[in-house]
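So you can see what is in the structure, the chains are spelled out below.
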Amino acid sequence: LRAAASQGVFLSSKQRLRVIALSGGAAASSTGGTFTEFHVPVLNDNEDVAFLAEVKRGRDTLEGIYLNRAGALRKIAAAGDAAPGGGTYSAFGGPTINNNGDVAFAASIEGGAVNGGIFVASAKETRMLVGAGNPEPSGGIFSQFSDRISINNSGGVLFNAVLKLGPAGHGL
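Conventions and cut-offs
- Residues numbered from 1 in each chain as written.
- Predicted model: local features only at pLDDT ≥ 70, side-chain atom pairs only at ≥ 80, totals over all residues.
- Heavy atoms only, no water.
- Phe/Tyr/Trp six-rings, centres within 6.5 Å; stacked < 30°, edge-to-face > 60°.
- Helix = DSSP H or I, 4+ residues; strand = E, 2+ residues; numbered from the N terminus.
- Buried < 20%, exposed > 50% of the residue type's maximum accessible area, 1.4 Å probe, protein only.
- Salt bridge = Lys/Arg side-chain N within 4 Å of Asp/Glu carboxyl O.
- Patch = residues over 30% accessible without salt bridge, like charges linked within 9 Å, V, L, I, M, F, W, Y side chains within 5 Å.
- Areas by Shrake-Rupley, 256 points an atom, 1.4 Å probe, with all protein chains shown as cover.

Caption draft 1: Structural context of the packing of aromatic side chains. All chains considered together, the criterion is met by 13 aromatic pairs. Ring geometry for Phe38 and Phe51: centres 5.6 Å apart, planes at 70 degrees, overall edge-to-face. With a gap of 13 residues between them, Phe38 in strand E3 (residues 34-43) and Phe51 in strand E4 (residues 49-57) connect regions that are remote in the sequence. Looking at Phe38, the relative accessible area reads 10%, which means it is buried. Judged by relative accessible area, Phe51 falls into the buried class, the value being 0%. Aromatic pair Phe105 and Phe119: ring centres 5.7 Å apart, planes at 20 degrees, arrangement stacked. Pair noted here: Phe105 is in strand E9 (residues 103-110) and Phe119 is in strand E10 (residues 116-121), with a separation of 14 residues, a long-range link. Judged by its relative accessible area of 0%, Phe105 is buried.

Caption draft 2: Just the environment of Thr96, in detail. In this fold, Thr96 is placed in strand E8 (residues 96-97). On the basis of relative accessible area, Thr96 is assigned to the buried category, the value being 12%. Here the alpha-carbon distance between Thr96 and Asn134, two residues 38 residues apart in the chain, equals 22 Å.

Caption draft 3: Examining the pattern of salt bridges more closely. A complete count under the given rule lists 4 salt bridges for this structure. For Arg69, the salt bridge identified is with Asp48, shortest N-O distance 3.5 Å. Remark: Asp48 occurs in the loop between E3 and E4 and Arg69 occurs in strand E5 (residues 60-69); sequence separation between them is 21 residues. Residue Arg69 is classed as partly exposed on the basis of its relative accessible area, which comes to 29%. Here Lys75 ties to Asp81 by a salt bridge, and the two come within 3.0 Å at their closest N and O atoms. Note on Lys75: relative accessible area 19%, which makes it buried.

Caption draft 4: A look at a nonpolar patch on the surface. A cluster of nonpolar side chains, contributed by Phe10, Leu17 and Val19, occupies part of the molecular surface with about 320 Å² of accessible area. Mapped onto the elements of the fold, Phe10 is located in strand E1 (residues 8-13).

Below you can see the structure in the form of structure tokens.
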């Protein structure tokens, strides 16, 4: 028997209520993992839904970013996955999505050249837009990033960051 779900992500649209994901349900692209909690769901005009979720796999619980497009749920990135630029993802901020279906998110990295960054996932690839330690336009370097970001339909990403060695300590 399957236990009753205690949490879920739902979409209400066109006088219809749909289930996107439920706790206890299989997490897309996560071998043997099940959803336990959901955070920060976001929606675009095409009814694509991205969200941050916690997934239980054996005794471990890990975070991941997921996308539901046209009824198909897929994993964008999860803790332990290889990150662009090296290392593995270890934690995430909430995602944001534009009308092209591009998903942007902040993430912490372990074992890489940077310890965190801002990432953009398209239908073709996931890339690191900027990483901690990268130079910033006013002459300093990015030190850390807020987990609240935004992406527009042209692919522009807005984020704020803590800076080192620059003329200011924070930037937007």
